[in-house]
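Examination of the molecular architecture
Chain residues, written in single-letter form:
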Amino acid sequence: MSQNGQLEDVGYPKCDTNDISEACEENLGDEAFDTINSSVMSGESIRFFVNVNMDMQPSQTVENEASGGCVLLHISRKYLKLKNFEEEIRAHRDVDDFLAQASIILNETATSLDDVLRAMLFGFTKDPNHAEPGCDLDLLMSMLFTDAGAPLEGNVHLLSDTIQGVTATVTGLQYQQSWLCIICTVKALQKRHVCISRLVRPQNWGENSCEVRFVILVLAPPKMKSTKTATEVGRTFATMFSDITFRQKLLETRTVEEFKEALVHQRYLLTITSQHPHRSSLKKHSTDSVSHKTPKLKDFLSIGKGIREDIARRFPTYSLDFTDGIIGDHKAVGKYITTTIFLYFACLLPTIAFGSLNDENTKGAIDVQKTVAGQSIGSLLYALFSGQPLVVLLTTAPLALYIHVIQGICDDYELDFKAFYAWTGLWNSFFLGIYAFFNLSLVMKVFKRSTEEIIALFISITFVVDAVKGIVKIFRKYYYGHHFSDHYSSKSASLMNLPGLNSTFPTDFNSSLLARPPELTTHASPMHAGRDTAVLSLLVMLGTLWLGYTLYQFKRRPYLHPYVREIVSDLALPIAVLTFSLLTSYGFQEIEMSKFRYNPSENLFKMARMDLLSLEAISSTMGLGFLLSMLFFIEQNLVAALTNAPENRLVKGTAYHWDLLLIALINTGLSLFGLPWIHAAYPHSPLHVRALACVEERVEYGHIYETIVSVKETRLTSLGASILVGLSLLLLPFPLQWIPKPVLYGLFLYIALTSIDCNQLFERVALLLKEQTAYPPTHYVRRVPQRKIHYFTGLQFLQLLLLCFFGMSPLPYMKMIFPLIMIVMIPIRYNLLPRIIEAKYLDAMDAEH
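Predicted model only: the values in this text are computed from it and were never measured.

Right, let's get into the pattern of salt bridges. A full pass over the atoms with the stated rule returns 28 salt bridges. Across the pair Lys335 and Asp570 runs a salt bridge, and its minimum N-O distance is 3.9 Å. On the criterion of sequence distance, the pair formed by Lys335 in helix 12 (residues 333-361) and Asp570 in helix 20 (residues 562-570) is long-range, its members being 235 residues apart. Residue Lys335 is classed as buried on the basis of its relative accessible area of 16%. When its relative accessible area of 15% is taken as the criterion, Asp570 is described as buried. In this structure, the salt-bridge partner of Asp611 is Arg609, at a minimum N-O distance of 3.7 Å. For Arg609, a relative accessible area of 52% translates into the label exposed.

Okay, here's the thing in structure tokens:
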């Protein structure tokens, strides 16, 4: 019930007669040590003494003793955090709602707890402002105690659900015994109700409640938002009453209006009090963590400082990157093997897909073999020498677009493609080196979490769009193109029968006119060509996604041993790919499937002739290299930031500047030999971290959360996957060409779906489709008004549409300025959004937790 000193107890039994004096002495200690900032205590250090109060008639008691009747009483205690009145928006709203329709009883003369509660409920049920249809006084009374619905022999009359303040001292726990907060969830209610009663004299109502002066009763319906439950409302008022000074002021009030004014003043004091520890902790956090410092001009003038600090930070733990999980107590060899296999398939299949695309765009200059070779060599070097080996390198769709644009320029101006490509890559590496030496990676600190998640979600959407485009292309070729081909052939035959056609036009023109378009030509048998291929491709793509994601979620199922479930979940992607590849290759041999293009390279490692370009052409490559370097800079640092996110709990440190320089060096070699460029890939890098993580499931207010406890930070998985990708050159074209394109599209959908699991933007978009009672109790739901959350989500969605407009434009040159659009999002976040939503709410939604 609390991590910050508020203790919830299921009941307050009366003290035994012999213990009353001891309880009174404890009460004095309680008031002496009373404080609003209670200490955090562990549950194991607390001893509970429960005395059961049998509120029965003497005859009933004798009868039960004679029959030897015994009942079981379940007592549950947990800690609740004191409510932060500065950050949690519901704290003020709970008080406002109470003040608007206050139910306050001053100078209550009743002495028994039952009479006090009955008076509070009587006033509530008879008050027209609180009228609730179907509310019965006796029913409400019975629901407050443990004997509701119990058999006669189990008539143990104790409070069911209460909140009480405690303070940890050197002598043990000291209970705040002058107030009692009783909470109850009632199905018959339609809204929340709070009633406060001040007793004329202190009453002894049992152990730890020996001189009660204030009773707070909170009633709420069960179907409520997680921040509006009876427990949350009770936590608000319990936090206020935990201050002894405030309770003393309430004792001095004479009227209800004075009582309300004291509540308003206490709310103000709590808001001011909670600001100071928050700011001091923020200041301390900012000094300990470099990521919260705002970069200044002098930080960029210290040439090479960031690289030196990165090497100094990571070099002492370099050897541990090879031995952790292999040597020592906490071995993780099995997890390393499954992660390596997952990483191998997650890298190889996109590499083949983009290699096939590059083969088509460059007329074979960069083919599948070169793409696989470049992926293996670049990833191997990065795994050996990088500061963050959990980051995965890959050639991506934007890079394939740049390569396509370069080929188009070379065709238009009759330039040598390999030389032009090499010079563009060298300029790119030159600018990346400048960024690394002048510590420009510090600029990424101004990227807020919300901006990072917009870009991350955009990348996930691009995977979905690529998969949809691929399957649409298959349908156009096979499903619709097959019938168009038959229709075209019949029309051609009728044209051939026209008199004088063959004699009027030349033979070559006739053959070119009547020939079928090349994209409509298939090699399948007439029986199974066309629609069968298209429909089977769609089923294979969706089947790969379904099987992969089902197995990925298998670790949450109750079947098999937990270790086996974890292995199956880690190998979900390889199992899905192999299953549907074998199914289509052997089960449907008679149906032609679309497969990737493969042309063997004559010379895999042939250096480009740099002297084939003129000075004008070389200078023109500088502009392309600069735009390309912006893409590399943002992608590399953004993916590294998402990999090193605080929730991943990585402990060996970061190396943004050194890794950027290493990327420049790696791509220099790739450019000279005509191999495709590579940079940090999303979502492969965060998925790599998650595959190596030890994850726990935690339940909070009925919602299940997965929390990373620790991560095995190793280089072995990246090294193993890179070596396997290199060995895959021996598997070209057989059997890798057996993997049909629909399986690759299913892999794209799988990667996109698994990457949005922890994306906060996607979670907030999903809130628009949920009822309030299903809202998770996240930090932003507690701290930000619901309307502001939806406003912020809408503004993020508009920024996402802006990225999609440029990043998915059919015009290649608009896509090339896409990195500049990502940089424009920084002033949008800092200058435009604060004019629409208060800065404190923006900071709350950008916070990690």
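Picking up where we left off.
The subject of this paragraph is the nonpolar core. In terms of nonpolar packing, the biggest core is built from 120 residues, with Ile406, Phe417, Leu432, Ile455, Leu573, Trp677 and Leu803 touching the most fellow members. Looking at which element gives the most residues to this core, the answer is helix 22 (residues 615-643), with 14 residues.

Time to look at unusual backbone geometry. Trans is the prevailing form of peptide bonds, just as negative phi is the prevailing case for residues other than glycine. Residue Pro733 is reached from Leu732 by a cis peptide bond, and omega for that bond is -5 degrees. Backbone torsion omega between Phe734 and Pro735 reads 10 degrees, so that peptide bond is classified as cis. The residue Pro735 is located in the loop between helix 25 (716-727) and helix 26 (741-755) in this model. Here the phi dihedral of Lys363 falls at roughly 60 degrees; this positive angle occurs in a residue that is not glycine. For Lys363, the position within the fold is in the loop between helix 12 and helix 13 (368-385). Judged by its relative accessible area of 62%, Lys363 falls in the exposed class. Residues other than glycine seldom take positive phi values, yet Asn439 does so here, at roughly 60 degrees. Turning to its location among the elements, Asn439 is positioned in the loop between helix 15 (417-437) and helix 16 (449-496). For Asn439, a relative accessible area of 2% corresponds to the buried category.

Glancing now at the packing of helix 3 (residues 89-100) against helix 6 (residues 230-241). Working note: a packed helix pair is described by the angle between its axes plus the distance between those axes. Packing of helix 3 against helix 6 brings their axes to within 9 Å, and their N-to-C directions diverge by 90 degrees. Overall, the two elements helix 3 and helix 6 adopt an arrangement that is roughly perpendicular. Together, Ala91, Asp94, Val95 and Phe98 of helix 3 and Glu232, Val233, Thr236, Phe237 and Met240 of helix 6 make up the contact between the two elements. Split by residue class, the contact of helix 3 with helix 6 holds 6 nonpolar, 1 polar and 2 charged.

The subject of this paragraph is helix 21 (residues 572-587). The terminal C-alpha atoms of helix 21 lie 21 Å apart, and with 16 residues this matches the ideal 22 Å at 1.5 Å per residue to within 8%. Residues Ala572, Leu573, Pro574, Ala576, Val577, Phe580, Ser581, Thr584 and Ser585 constitute the buried set of helix 21. Along its buried surface, helix 21 packs onto helix 12, helix 19 (531-552), helix 20 and helix 26.

A word on the pairing of strand 7 (residues 193-203). One face of the sheet, then the other: side chains in a regular strand alternate in exactly this way. Within strand 7, 8 of the 11 residues are buried, which leaves the element mostly enclosed by the surrounding structure. Bridge count for strand 3 (residues 103-108) against strand 7 is 4 bridges, and the pairing is parallel. Counted as the bridge partner of Ile104 is Ile196 from strand 7.

Procedures and definitions
Residues numbered from 1 in each chain as written. Predicted model: local features only at pLDDT ≥ 70, side-chain atom pairs only at ≥ 80, totals over all residues. Heavy atoms only, no water. Salt bridge = Lys/Arg side-chain N within 4 Å of Asp/Glu carboxyl O. Helix = DSSP H or I, 4+ residues; strand = E, 2+ residues; numbered from the N terminus. Buried < 20%, exposed > 50% of the residue type's maximum accessible area, 1.4 Å probe, protein only. Core = buried A, V, L, I, M, F, W, Y, C linked by side-chain atoms within 4.5 Å. Axes fitted to C-alpha atoms, helices over the stretch in contact; angles between N-to-C directions. Parallel < 35°, antiparallel > 145°, perpendicular 65-115°, else oblique. Contact = heavy atoms within 4.5 Å. Nonpolar A, V, L, I, M, F, W, Y, C, P; charged D, E, K, R; others polar. Expected span 1.5 Å × (residues − 1). Pairing = 2+ DSSP bridges.

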